[in-house]
Amino acid sequence: MEICASTEAEWESGNVDTGGSSTVTESHSPSAIASDELSLAIGDEDIGHLDEAEKDSESSSDSDVANILSLTNSSANKEGQYHPFLSMISAMAYIIIHSPRPMGLSNLTFVCHTLRCMFPALPSVSTMVSYRLPGYRAPEKFYSPSGVPFYVNSIAETIKLCLANPDIAKKMERYPVLPKKGFREIFHGLQWRNDTRFQAPMATSPVGSVFLKDIVQSSIAGAICVSIIKQFYRKEGHNGVFASVQVLQVHPSELNTYILSDIVEIPVSTIVTILPQMDSRTRHVYKKGHDGSLTIVSDNELAEMSSPHPLKTRSIMCGSLPVFMVPLIIFSDDTSGNRSKVWNKFDSWCFLLAGLRQKDNAQFCNIHFICTSNQVPVMEMAHPLVDQLLELERGIVVFDAQLNTNALILAPVICFLCDNPRAAEICSHLGSGTLRFCRICRVDHTNSLTGICEERKRSSTIQEVQLIRSAHTQAERKRLRTLYGTSEKENHLLQLPVDLHQSTPIESLHTLGLGPYKYLLREKMEQLSEKQRKEVVARIAALPSSGLTGGISSDISRHYKSFVGRDFKFLAQIAMFIFSPYLSEAEIEVWLALSMVFKMVYCDEFEPQKIELYRDVCHRFARAIDCYSVTWRKKLKIHLILHLPDSMLRFGPASSFNTERCESYNSVIRSRNVYSNRQAPSKDIATAFAIQESIRFTFSGSCYNTSERCGEDLVNLYHTKEVQAFLGGEVQERGSGIHKHGTLRKLEQKLHWLQYRLHWKGKRCH
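Everything numeric in this text was worked out from a predicted model, so none of it was measured.

Here is what the cut-offs are and how they apply
Residues numbered from 1 in each chain as written. Predicted model: local features only at pLDDT ≥ 70, side-chain atom pairs only at ≥ 80, totals over all residues. Heavy atoms only, no water. Core = buried A, V, L, I, M, F, W, Y, C linked by side-chain atoms within 4.5 Å. Buried < 20%, exposed > 50% of the residue type's maximum accessible area, 1.4 Å probe, protein only. Helix = DSSP H or I, 4+ residues; strand = E, 2+ residues; numbered from the N terminus. Contact = heavy atoms within 4.5 Å. Pairing = 2+ DSSP bridges. 1 Å grid on protein atoms, 1.4 Å probe; cavity = no way out; pocket = protein on both sides within 12 Å on 5 of 7 lines; lining within 4 Å. Points joined across faces, edges and corners; volume = space filled by probe spheres on them. Nonpolar A, V, L, I, M, F, W, Y, C, P; charged D, E, K, R; others polar. Axes fitted to C-alpha atoms, helices over the stretch in contact; angles between N-to-C directions. Parallel < 35°, antiparallel > 145°, perpendicular 65-115°, else oblique. Left-handed = near helix turned anticlockwise from the far one by under 90°.

Draft legend 1. Region of interest: the nonpolar core. With 90 residues, the main nonpolar core has Ile556, Leu571 and Phe579 as its most contacted residues. Per-element accounting of this core gives the leading share, 10 residues, to helix 22 (residues 585-601). Dropping the residues within four chain positions of it, Leu571 is found in contact with Leu521, Ile552, Ile556, Ile578 and Phe579. Membership of the second largest hydrophobic core comes to 61 residues, among which are Val268, Met379, Leu385 and Cys418.

Draft legend 2. Layout of the pairing of strand 8 (residues 242-250). Most of strand 8 sits inside the fold, with seven of its nine residues counted as buried. Sheet analysis places strand 7 (residues 223-235) next to strand 8, joined by six bridges and oriented antiparallel. When the sheet's bridge partners are listed, Ile229 is paired in strand 8 with Val245. Between the antiparallel neighbours strand 7 and strand 8 lie six residues, among them Gly237 with a positive phi of about 90°. Across eight bridges, strand 8 lies against strand 9 (residues 257-267) in antiparallel orientation. The partner of Val245 across the bridge, within strand 9, is Val264. Between the end of strand 8 and the start of strand 9, which pair antiparallel, lie six residues, with Asn256 showing a positive phi angle near 55°.

Draft legend 3. Structural view of empty space enclosed by the protein. In the structure shown here, the tally under the stated rule is seven cavities of 30 Å³ or more. One number sums up the size of the largest cavity: a volume of about 80 Å³. Lining the largest cavity we find Ile440, Ile452, Glu455, His501, Gln502, Thr504, Pro505, His643, Asp646, Ser647, Arg650 and Phe651. Of the residues that constitute the lining of the largest cavity, the class distribution is four nonpolar, five polar and three charged.

Draft legend 4. Main features of the packing of helix 22 against helix 23 (residues 611-628). Their axes nearest at 9 Å, the elements helix 22 and helix 23 cross at an angle of 155°. Relative to helix 23, helix 22 is oriented roughly antiparallel. The crossing of helix 22 and helix 23 is left-handed. In contact with Ala586, Glu587, Glu589, Val590, Leu592, Ala593, Leu594, Met596, Val597 and Met600 of helix 22, helix 23 contributes Tyr614, Val617, Cys618, Arg620, Phe621, Ala624, Ile625 and Tyr628.

This is how it looks when you write it as structure tokens:
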């Protein structure tokens with residue numbers, strides 16, 4: 001794709017290249033430009049109060065605009081250095097107009113007028129609104145079953161832009177990683193490492209590309225051995241890629257017969273020869289057991305071993321391209337399109353690249369928008385998403401900026417992030433109101449706190465849906481829904497080759513903070529007298545908080561019913577100390593057990609060797625709740641805590657699959673709706689995010705397998721701190737108080753002290 005500069009006349013007339021988009025875009029006539037301008041930036045509105053959970057993400061951008069404008073004082077029109085723009089001023093004005101933090105038309109017009117007074121050659125606002133950079137792909141229009149239109153951005157095109165972006169491609173993991181000690185990222189978890197859908201099929205050796213199932217000669221313990229490749233991975237603290245291989249030995253007495261023995265680890269760099277696959281001359285293959293016994297391999301297994309990996313064949317057909325896995329994290333949520341208290345529900349879909357680290361995925365620029373609508377239900381919007389995801393499962397060809405060549409990539413979905421009601425919809429589950437209220441296992445209200453029952457499977461859910469639909473009467477359908485806890489509504493996500501029940505991990509914000517902590521706080525505050533509530537406020541004010549940052553956002557005695565996630569996270573660290581005089585022994589045990597669960601969830605590292613200890617912590621909390629109140633057995637979120645350790649074993653620490661940053665991203669979607677004419681919000685919002693993707697693609701110096709890129713000065717401008725902060729590429733350090741070093745250690749010491757106190761209190765009673 002060629003990045004073309006435009007003359008000043010072309011800027012003024014609007015006759016500019018749109019980047020070669022394959023989708024037909026709007027006409028750039030004066031009337032169309034005026035329409036686009038109104039749809040993308042509409043004037044100041046009377047804005048109400050924000051939701052407390054997202055105030056921080058919707059702060060005014062006046063200071064950022066001032067920083068951006070301050071950079072223009074040193075600008076000089078260096079021809080070609082800001083290609084495809086004529087000057088720094090044109091590039092900066094384009095960033096301001098299409099920033100993730102839009103402003104009203106009156107403010108936007110005034111800023112551009114100010115710039116034009118200093119630099120008369122600056123293009124008009126309408127011209128810059130209608131101009132499209134290389135990499136832009138207009139959203140595609142779809143219709144719901146009821147005929148309502150909505151617009152969807154291409155996931156494949158966004159992934160192509162990401163991998164062609166050197167800032168992203170060089171940070172992304174292509175292989176599962178074996179950590180030195182504990183899991184800290186999602187690519188440390190067992191899901192990526194053990195599930196065959198995510199296993200990297202290829203690695204580069206000194207003798208060329210090697211694939212899974214290849215027979216190779218390599219150096220093992222100083223000797224040249226023949227082996228079959230089973231898996232590729234990286235090891236933390238080591239350079240290069242490693243392979244798990246099974247040693248292949250020649251049978252000492254039988255002709256054309258081999259023995260599969262030990263599985264060992266080798267660096268891919270030690271491979272010296274790639275041997276041909278087994279052929280029809282191979283008579284038998286034996287597996288060697290731990291006791292030395294030999295078991296013959298079946299004919300089907302032998303045929304599977306003799307055939308090359310299917311992606312090896314595809315790679316050769318595509319010109320011997322490298323092949324990688326790029327797993328995706330899909331996020332779905334609903335938010336209000338208004339800043340006032342009037343609820344205007346927008347359902348949205350976004351995705352993240354699982355190969356990026358947590359700190360990178362926490363940046364707004366790495367959360368990629370797919371679609372939204374306030375008229376089409378979320379599961380109806382999933383139909384075109386599934387078609388795109390199935391295409392990505394089969395693989396697409398992209399330009400990889402790290403390898404500086406084309407590559408074949410497969411992008412399967414590794415997990416879905418959402419709150420519990422949305423997760424139930426994704427899994428075709430009826431939710432918390434049914435008898436079998438868990439979307440992961442088949443537990444019911446009678447034994448929800450005793451443990452985990454039989455796990456749900458994708459195949460069984462599909463059978464249950466078909467069985468419910470085939471029932472002849474409404475009464476029979478109702479009976480089957482109650483029996484299975486399954487909904488027969490149309491769910492296109494069941495077409496994906498992913499177990500939805502196991503791929504919707506237990507999210508800590510909605511399950512823990514907005515679950516047991518909210519229940520316990522409300523119950524305790526309602527039991528306290530007015531005098532005791534004032535004492536609680538005084539105890540919070542007097543409590544030393546040297547190891548903590550932040551605090552409760554409002555008066556706990558009056559506004560405890562309006563607390564949001566960050567309030568409960570802060571309260572979880574101090575609750576045992578402010579409520580201890582008012583707690584019974586049973587309540588102390590509940591709060592103490594819940595604090596231990598909190599410590600397990602909000603840790604930076606998950607140690608898989610301690611999985612049984614983590615399960616005991618969750619079961620201790622369940623037993624304490626069961627002894628405290630029988631009515632809590634019907635609370636879904638109490639039971640879901642029992643599934644937390646398994647989710648962390650699959651996907652790494654809870655912080656790697658929490659929704660807090662994605663929830664904050666809702667504010668960006670909301671602001672896009674606020675600053676539009678609201679006539680076609682699905683189209684306007686999708687178009688705005690597609691433009692932002694093209695800005696990041698072009699300004700970062702990316703290219704589509706061509707030597708032509710934007711000007712070097714434009715790349716340097718894009719990477720300045722002010723521009724990165726303005727475009728959402730840099731996370732502002734505010735500190736949550738629970739991730740800082742030493743905070744959890746202090747909390748653990750205080751919990752041990754409380755256990756000691758409770759122990760001696762019980763002895764004195766006896």
